[in-house]
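Observations on chain architecture
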Amino acid sequence: MRYAAGVGDLLVNIVDGAQMNESNVASGWRMQAGLLIVICMMLAGCALTVSHSRALLPVEGFVPLASDSRIQVEPGYEAYGERVAKALPQAMAQVEAAHYLAFASTPRVYVCGTDACFKRYVLTPKLSAAVVPDNRLFLSPNLDGKESRRLSALLTHELAHLHLGQRIGHYNSSLPVWFHEGWASLTANGGGAEFVTDAQTEEAIRAGRRVNLNLRDAPGKRHRAASSNLSVYEFYRQSMLLVGWLKTLDEARFRQLALAVQDNADFEIAFWDIYGQAPASKLAGYYEGVLGDNLPVQAAPAQP
């Protein structure tokens, strides 16, 4: 059973229920939110950050875009919403092709035209796009301004997170961060990892700075870039190349892994079942190629 994704659905129902019965919001909200927290405590793999108040915030102040109701916009920023609407079909197609599955439910994208809007829902507002714990995708005003050229790539990257979150929950700890972020960046043809080049990544590897593939995540501990002595963009790029190498080496096996992960299988167990080796042992082949200046299999971007 996909417990984490189910709890995400429960959260949406709680929010909707509270909005529908305003006279009982105070008591009903406390009781149901408390129930949700108890459920998450019972599930070791629960991916929702229910301890953070923003995970429980109802979305307010958005209106459906007239041309595409999947896109909710901050009033006054409909032109920005239209740019998102234009990019959305291709972004969704890339994600579904790269994940070998359709979206479990129709994605909804929230377009913030102001910093205040974005900061209300996103814990780390310096980002330009984010999927918050209950799998709602928010876009920053940056993507309509100084980073407008990144809109399609970051939309695709975050939709990849949302697609996976619909099935196993938001950042499920059974899936290592390096695979999670590397797969999303690969799906977006480098989106999210575009500030570091392949050459710079290989230079970091030769200097001994590698993704630490031996670390195991847990619900209370996720191993991100700092755990591997890498910057965020170095970590994303190197992770993308690792995932791309696996896919190009044997796409049939990679597809098996991708589908197993989306069926909520433990990543380490699924990897052993499919490849007969631990991830660190299998991906040693990629690092050996880099260190030998003769990478036998070049990582290719995901294509729809």
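One can find the structure itself at the top, above this paragraph.
Residues numbered from 1 in each chain as written. Predicted model: local features only at pLDDT ≥ 70, side-chain atom pairs only at ≥ 80, totals over all residues. Heavy atoms only, no water.

1. Quick word on the nonpolar core
- Ranked by internal contacts, the top residues of the largest apolar core, which has 37 residues, are Trp178, Phe179, Phe254 and Leu257.
- Every element with two or more residues in this core is listed here: α5 (151–168), α6 (177–187), α8 (232–249), α9 (251–262), α10 (267–275) and α12 (284–291).
- By residue number, the principal contributor to this core is α8, which donates eight residues.
- By size, the runner-up hydrophobic cluster in this structure holds 26 residues, among which are Val95, Val109, Val111 and Leu155. (Core = buried A, V, L, I, M, F, W, Y, C linked by side-chain atoms within 4.5 Å. Buried < 20%, exposed > 50% of the residue type's maximum accessible area, 1.4 Å probe, protein only. Helix = DSSP H or I, 4+ residues; strand = E, 2+ residues; numbered from the N terminus.)

2. Brief notes about the packing of aromatic side chains
- Under the defined criterion, the tally for this structure stands at 17 aromatic pairs.
- Taking the centre distance of 6.2 Å and the plane angle of 35 degrees together, the rings of Phe179 and Phe254 count as tilted. With Phe179 in helix α6 and Phe254 in helix α9, this pair connects stretches of sequence that are 75 residues apart.
- Residue Phe254 is classed as buried on the basis of its relative accessible area of 0%.
- Of the aromatic side chains, those joined through ring pairs into one cluster are Trp178, Phe179, Trp183, Phe254, Phe267, Phe271 and Tyr275. (Phe/Tyr/Trp six-rings, centres within 6.5 Å; stacked < 30°, edge-to-face > 60°.)

3. Considering the pattern of salt bridges
- Per the stated rule, a full pass over the model turns up 13 salt bridges.
- Between Glu194 and Arg150 there is a salt bridge whose closest N-O contact spans 2.7 Å. One end of the pair, Glu194, is in the loop between α6 and α7 (198–206); the other, Arg150, is in the loop between β5 (136–139) and α5, with 44 residues separating them in the sequence.
- What makes Arg150 buried here is its relative accessible area of 6%.
- Residues participating in the shared-partner salt-bridge network are Glu147, Arg150 and Glu194. (Salt bridge = Lys/Arg side-chain N within 4 Å of Asp/Glu carboxyl O.)

4. Description of the pairing of β5
- Here β5 shows no split at all, with Arg136 and Phe138 on one side and Leu137 and Leu139 on the other all buried.
- Sheet topology note: the strand β3 (residues 109–111)/β5 ladder contains three bridges and is parallel. Bridge assignment links Tyr110 to a residue of β5, and that residue is Phe138.
- Note: strand β4 (residues 129–132) against β5, four bridges, orientation antiparallel. In the sheet register, Val131 faces β5, and the bridge partner there is Leu137. (Pairing = 2+ DSSP bridges.)

5. Structural notes on a nonpolar patch on the surface
- Together, Phe195, Val232 and Tyr233 line one region of the surface with nonpolar side chains, adding up to about 270 Å² of accessible area.
- Checked against the element boundaries, Val232 lands in helix α8. (Patch = residues over 30% accessible without salt bridge, like charges linked within 9 Å, V, L, I, M, F, W, Y side chains within 5 Å. Areas by Shrake-Rupley, 256 points an atom, 1.4 Å probe, with all protein chains shown as cover.)

6. Points about unusual backbone geometry
- A positive phi angle, close to 65 degrees, is found at Tyr100, a residue other than glycine.
- The residue Tyr100 is located in the loop between α3 (78–99) and β3 in this model.
- Judged by relative accessible area, which is 18%, Tyr100 ranks as buried.
- A positive phi angle, near 55 degrees, is found at Asn189, a position not held by glycine.
- Tracing the backbone shows Asn189 in the loop between α6 and α7.
- Residue Asn189 is classed as partly exposed on the basis of its relative accessible area, which comes to 40%.

7. Focus on the state of the cysteines
- Following the criterion strictly, the structure yields one disulfide and no others.
- With a sulfur-sulfur separation of 2.2 Å, Cys112 is cross-linked through a disulfide to Cys117. Taking the sign of the S-S torsion, -60 degrees for the link of Cys112 and Cys117, the bridge is left-handed.
- Of the residues examined, Cys117 reaches a relative accessible area of 11% and is grouped as buried. (Disulfide = S-S within 2.5 Å.)

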